[in-house]
Amino acid sequence: MKESMSDYFEYVPKDFIGEYAVKHGVKKDDIDIMLALLSGKSYQEIADKKDWDIGRVRKRMTFVYEKLKVAPREKGPVKLQRLQQQLLTEHQAKTKGSKDDIEKEKTRPKKMKTENEVVWNGRPDISSFVGREEELKRLTKWILEDKCRLVSILGLKGIGKSFISVKLTEKIKDKFEFVIWRSLSLAPTISAFLDDVINIFITKTKEEEKSVEKSSANVNDKIAILIDKLKEYRCLLVLAEFNTILFNDLSNPQFQENNKRDGKPAGTYRTDQLEYALYSELIQQINEQSELNSCVVITSSECPDNLQGVTIDSSSVKICELGGLKEEDFRELLKVEKNQYQGLAQIIKIYDGHPIAVMSTLSRIQNYYGGDIKKFFEEKTITFKIDSTLKEDFQFLSENERQILYKMVVEEVPLMAKDMEGIANPRLSIEQVIQGLESLQGKFFVTKLEKDGSFQLSSLTKEFIISKLSDRVYSDEILPLIEEFDIYEEKPQTIKNLLLAQVELTPKLKSCFNSESKSDLDIPRTSVLEKISIKLFGYYWNDQEDLLEDLESCLNNLKQLKRSKKDIGHIYENIEALKEYIKKKLNRY
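To start, this report covers the structure provided alongside it. (Residues numbered from 1 in each chain as written. Predicted model: local features only at pLDDT ≥ 70, side-chain atom pairs only at ≥ 80, totals over all residues. Heavy atoms only, no water.)

1. What to know about the side chain of Ser533
Test applied: The helix and strand labels rest on DSSP assignments: H or I over at least four residues marks a helix, E over at least two residues marks a strand, and numbering proceeds from the N terminus. Three labels apply to residues, based on accessible area from a 1.4 Å probe with only protein chains included: buried if under 20% of the type maximum, exposed if over 50%, partly exposed otherwise in between. For this analysis, a polar contact is any N or O atom pair within 3.5 Å, provided that within protein one partner can donate a hydrogen and the other can accept it, and provided that sequence-adjacent residues contribute only side-chain to side-chain pairs. It only takes one pair of heavy atoms within 4.5 Å for two residues to be counted as in contact.
In this fold, Ser533 is placed in helix H25 (residues 528–539). Looking at Ser533, the relative accessible area reads 0%, which means it is buried. One polar contact links the side chain of Ser533 to the main-chain carbonyl oxygen of Glu530, over a distance of 2.7 Å. Those residues in contact with Ser533, other than ones at most four positions away along the chain, are Leu578, Tyr581, Ile582 and Lys585.

2. Focus on the sheet that holds strand E3 (residues 178–183)
Put simply, the rule is: Two strands make a pair as long as DSSP finds a minimum of two bridges between them. For helices, the axis comes from a line fit to the C-alpha atoms of the stretch in contact; other axes are also lines fit to C-alpha atoms, and the angle between any two N-to-C directions lies between 0 and 180 degrees.
Overall, parallel pairing links the six strands, which are arranged E1-E3-E4-E5-E2-E6 in an open sheet. The outermost strands of the open sheet, each flanked by one partner alone, are strand E1 (119–121) and strand E6 (317–321). Averaged over neighbouring strand pairs, the angle between their axes works out to 10 degrees when direction is ignored. Examined bridge by bridge, strand E2 (residues 150–154) and strand E5 (residues 295–300) share five bridges and lie parallel to one another. Paired with Ser152 across the strands is Ile298, a residue of E5.

3. A word on the pattern of salt bridges
As a reminder, the rule being used: Any carboxyl oxygen of Asp or Glu within 4 Å of a side-chain nitrogen of Lys or Arg constitutes a salt bridge here.
Under the definition given, this model contains 16 salt bridges. Among the salt bridges present, the one from Asp32 reaches Lys28, with a minimum N-O distance of 3.4 Å. Of this pair, Asp32 and Lys28 both sit in helix H3 (residues 28–38), four residues apart, which is roughly one turn of that helix. Overall, the relative accessible area of 33% leaves Asp32 in the partly exposed class. Here Glu135 ties to Arg132 by a salt bridge, and the two come within 3.4 Å at their closest N and O atoms. The buried category is assigned to Glu135, whose relative accessible area is 14%.

4. Brief notes about helix H4 (residues 43–50)
Note the threshold: The arc in question is traced by the directions running from the helix axis to the C-beta atoms.
Listed in full, the buried residues belonging to H4 are Tyr43, Ile46 and Ala47. On an axial view of H4, the arc spanned by its buried residues comes to 100 degrees, and they lie on one face. Seen from the buried face of H4, the exposed residues on the opposite side, beyond 90 degrees, are Asp48 and Lys49. Structurally, H4 contributes buried residues whose contacts are with H3 and helix H5 (54–68). In the stretch just after H4, Asp51 is the one whose phi turns positive, near 60 degrees.

5. Here we look at a negative patch on the surface
We count it as follows: Without a salt bridge and with relative accessible area above 30%, a residue can belong to a patch; like charges are then joined within 9 Å and nonpolar side chains (Val, Leu, Ile, Met, Phe, Trp, Tyr) within 5 Å. A 1.4 Å probe and the Shrake-Rupley method give the accessible areas. Residues count as covered only by the protein chains that appear here. We score Asp and Glu as negative and Lys and Arg as positive, and we do not count His or the chain ends. A charged residue contributes its charge at one atom only: NZ of Lys, CZ of Arg, CG of Asp or CD of Glu.
On the surface, Asp543, Glu545, Asp546 and Glu549 cluster together into a negatively charged patch. Among the structural elements, Glu549 can be located in helix H26 (residues 544–561).

Here it is as structure tokens:
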């Protein structure tokens, strides 16, 4: 991170930062702290140098953020990133706003490009990078031998896309005249992004005058300038975290509020600002420019919609779907031999080799189970930190997509598209099922099996969807019924409205589910019925008899209302399956 921070002052001079801060009432001591952070120093390093408590340093920076009005709602490291972007934008506005400033910029000594130099921004620390030899070999071939002009590295959030893009950049940088690596984690507008990249060419070439004049043009003209540069020079341009420009990103609170749960297809560009949608035009032009002498690499958790399908018959546009790490990779990362950490292979299979999921689980096993993986499996509490990431992506799924996932987790076996035709209410047509599966594939919730074209949930997403379905059945279906039937005699319309609202929003649960069932990994998995029963036991303070009586009462009341399946969907069958499951469970103990 320090390397990228040190480059920052090349684009936003310290003198400008100081003047800007003083203008907004920031004190000199606080400016020094701000400059130290922007140079890559940590709060602790600054505190040690000043012989202060670290809390005092953080408090002084709080005053700086308040004075400069930096992202009032944000917290933590994001604030510093917002400050970087704000200062860069202000400096660019100033240098463009005055002819004198432009002349001064043109006469300032320029740092000419030297061989192997990479212009980084937002580069992650990859000191823990392991494995990926096959993927690096494939990517290198595409870029250097096949001369691909556009390469997408896709995969789940946290799978290591940015890491491999940095490693790739370091490996092949000698083959290019210009190498630019940019993180889009702050979701810059396309104007800000283009200004940033164009200014790099301004800084490193002798054509400043022409470029400076054009850099104040409209977005289409700026795109044309960048395309010209990518034709003129052999460039490697890497755009990491491109998913912030797409519809599924939740990093912006206002975007989250305005676009909540719209169920957009995978890869849809954001529409909360017009400039985000214009990224689509940039990608499209790069895709169509056969004379491009450069390669643009993007990393994203979704494939942009205007690239979906183009790789089928294209030799110049490629997609690399990044999977999890292998067992030997984790052993290298953990620095353990093959005879150590018995059960590691099972953990890796459960989480499909996802680095964050595997490492956080191993940490939990070490801290709470004394490193005993067998004990961890006996608890049947397969949880992981990536759960929050899946939760964000799940919010943007359409109701049709959720119903497909629920059906797949209930059936437990790979399904063909035709197997899901007619689910939900209203019934899904085969076309809607196919559209939903395509979108879920693009969002990495499901995978397609090459042998027969069927679809299945990955192990990583299966546990998450089981939890979401059990929460839905419990909160939206069973618990409200138990509570409302108590007042059914007085308010019969209330329960009828409830049933009408819930008709077939959840699938029919299989009564054969049981907590002893095992996956192909020979590891006990918690079923939907098991999770619901646990929640109900807590609600009834483990009074099983009272619980079973209320479930039986619900069934009797539902019989009176059940004129047809259309009236109450699968609610009756689900409560009946739950009651039988609880009975069998109690008999075993």
